[in-house]
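Given next are the chains, with one letter for each unit.
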Amino acid sequence: MAFLRSLGTGALVAKAVLGWVSRDPKAAGLRRTNFHGREVTLAGGPALAAGATIGAATGAATGRLAAAVVTAGAVSGAVGFYDDIVGNRPEQKTAKGFAGHLGALREGRVTSGLVKIGGVGAAGLVASALIGSRRGSRFGRGVDVLLGAGVIAGSANLLNLLDLRPGRALKAGLVLGAPLAVGRGAAMTAGTLGASAALLPADLGEEIMLGDSGANALGALLGVAYTARTGTGGRLAALAAVAGLTAVSEKISFTKVIQDKPWLRRLDEIGRRPA
């Protein structure tokens, strides 16, 4: 019952927020041109962030877990949306990657990308602290909190790296979230999956895009769900995998890898609007 309630809440809130944001008089400022040259709206980002966060919080087993969900989802979505809007300005586009944002900071400029990085990192740390650890020693608990923070923030960044083609990040989120929707904590994951499934057709149809807001929130919430049900070993393994994939992305394009593997290309293109 809790699983279905969380699933439905995530889907309903995501659709409702998408409609509300799209009808706002200022919605024209959210229009962007995608890689096909088609006009899409960034409204999908806050819609996913709101739906997934509220749905996941509905399914959280304890108040602390609900607080962790809200912290990770809402903050990651908010700072991502800030970067989506402010980062589109000409003076912001010159800073690329983490090194570019640090370089701008040395020049006395705080970029929207740096705000996003700091916000997602801080949200991950607070969310992980709220989840806590089962280890007895203070040192062990501290290690677990830091590992969890890395998983949450790293997952947010990884999903954002995948959000380069319609539906890709949502498909990845659904695949990664499926194992977490079974067993302990399944209801919390259901809210995130419900919101993702509700917005997938519009994303594949190139009506919306997630932007940093939606992709960061999606990854952060999956990171919370994973961290909440694992200990030191599980968190360490996930952080190593996320860090490894992130490092690889600096050298190798995920899009190129997908295009070069026929089975990955077919999965990536399922349901997508023809070019």
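In short, a report on the structure. Every value quoted in this text rests on a predicted model; they were computed, and no experiment measured them.

Attention now moves to the overall build of the chain. The helix and strand inventory of the chain stands at 12 helices and two strands. When the helices and strands of the chain are placed in sequence order, the string is α-β-β-α-α-α-α-α-α-α-α-α-α-α. A compact globule built from 275 residues would reach a C-alpha radius of gyration of about 19 Å, and the chain, at 18 Å, matches this within 12%. With the C-alpha coordinates of the chain rotated into their principal frame, the extents come out at 55 × 50 × 40 Å. Going through the 275 residues of the chain one by one, you find that 50% of them count as buried.

Contact geometry of helix α7 (residues 168-177) with helix α8 (residues 186-204) gives a least axis separation of 9 Å together with a crossing angle of 155°. Compared by their axis directions, α7 and α8 come out roughly antiparallel. Crossing handedness for the pair α7 and α8: left-handed. Touching Leu170, Lys171, Gly173, Leu174 and Gly177 of α7 are Thr189, Leu193, Ser196, Ala197, Leu199, Leu200, Asp203 and Leu204, all from α8.

To continue, consider a nonpolar patch on the surface. Residues Phe3, Leu4 and Leu7 make up a contiguous nonpolar surface patch of roughly 250 Å² in combined accessible area. Within the secondary structure, Leu7 is located in helix α1 (residues 2-23).

Inspection of the secondary structure assignment puts Thr58 in helix α2 (residues 44-59). Relative accessible area serves as the criterion here: at 30%, Thr58 is assigned to the partly exposed category. As for Thr58 and Ser249, which are separated by 191 residues in sequence, their C-alpha atoms are 34 Å apart.

Our focus in this paragraph is the nonpolar core. In this structure, Leu48, Ile131, Ile152, Leu170, Met188, Leu199 and Val224 are the most contacted members of the largest nonpolar core, which totals 49 residues. Counting residues per element, the ones that place at least two in this core are α1, α2, α3 (63-86), α5 (112-131), α6 (138-162), α7, α8 and α9 (211-228). The element that contributes the greatest number of residues to this core is α9, accounting for seven residues. Setting aside residues no more than four positions away along its own chain, Ile131 makes contact with Leu65, Ala68, Ile152, Val224, Thr227, Ala228 and Arg235.

Attention shifts here to the environment of Arg141. With respect to the element layout, Arg141 can be found in helix α6. Distance in space between the C-alpha atoms of Arg141 and Ile117 is 24 Å, their sequence separation being 24 residues. In this structure Arg141 touches Ser133, Arg135 and Gly136, once residues within four positions along its chain are discounted.

A complete count under the given rule lists eight salt bridges for this structure. Notably, a salt bridge pairs Lys256 with Asp260, separated by 2.9 Å at the nearest N-O pair. Placement of the pair is Lys256 and Asp260 together in helix α11 (residues 254-260), with a separation of four residues, close to one helical turn. In this structure, Arg272 and Asp268 form a salt bridge, with 3.1 Å as the shortest nitrogen-oxygen distance. Like Asp268, Arg272 is buried. Because the salt bridges share partners, they merge into one network encompassing Asp83, Lys116 and Asp212.

So, on to the side chain of Asn34. Topologically, Asn34 is positioned in the loop between β1 (31-33) and β2 (39-41). A distance of 2.6 Å separates the side chain of Asn34 from the side chain of Glu206, its partner in a polar contact. When neighbours within four sequence positions are excluded, Asn34 is seen to be in contact with Val40 and Glu206.

Moving on to α2. Since the α-helix turns once every 3.6 residues, residues separated by three or four places project in the same direction. Between its first and last C-alpha, α2 extends 22 Å over 16 residues, near the 22 Å set by a 1.5 Å rise per residue. Among the 16 residues that make up α2, 12 are buried, leaving the element largely enclosed by the rest of the structure. Every buried residue of α2 is listed here: Gly44, Gly45, Pro46, Ala47, Leu48, Ala49, Gly51, Ala52, Thr53, Gly55, Ala56 and Gly59. Tucked into the core, α2 has its buried residues touching α1, β2, α3, α7, α8 and α9.

Here is what the cut-offs are and how they apply
- Residues numbered from 1 in each chain as written.
- Predicted model: local features only at pLDDT ≥ 70, side-chain atom pairs only at ≥ 80, totals over all residues.
- Heavy atoms only, no water.
- Helix = DSSP H or I, 4+ residues; strand = E, 2+ residues; numbered from the N terminus.
- Rg over C-alpha atoms; globule rule 2.2 N^0.38 Å.
- Buried < 20%, exposed > 50% of the residue type's maximum accessible area, 1.4 Å probe, protein only.
- Axes fitted to C-alpha atoms, helices over the stretch in contact; angles between N-to-C directions.
- Parallel < 35°, antiparallel > 145°, perpendicular 65-115°, else oblique.
- Left-handed = near helix turned anticlockwise from the far one by under 90°.
- Contact = heavy atoms within 4.5 Å.
- Patch = residues over 30% accessible without salt bridge, like charges linked within 9 Å, V, L, I, M, F, W, Y side chains within 5 Å.
- Areas by Shrake-Rupley, 256 points an atom, 1.4 Å probe, with all protein chains shown as cover.
- Salt bridge = Lys/Arg side-chain N within 4 Å of Asp/Glu carboxyl O.
- Core = buried A, V, L, I, M, F, W, Y, C linked by side-chain atoms within 4.5 Å.
- Polar contact = N/O pair within 3.5 Å; in protein donor to acceptor, adjacent residues only side chain to side chain.
- Expected span 1.5 Å × (residues − 1).

As far as function goes, none of this settles anything; it's purely spatial.
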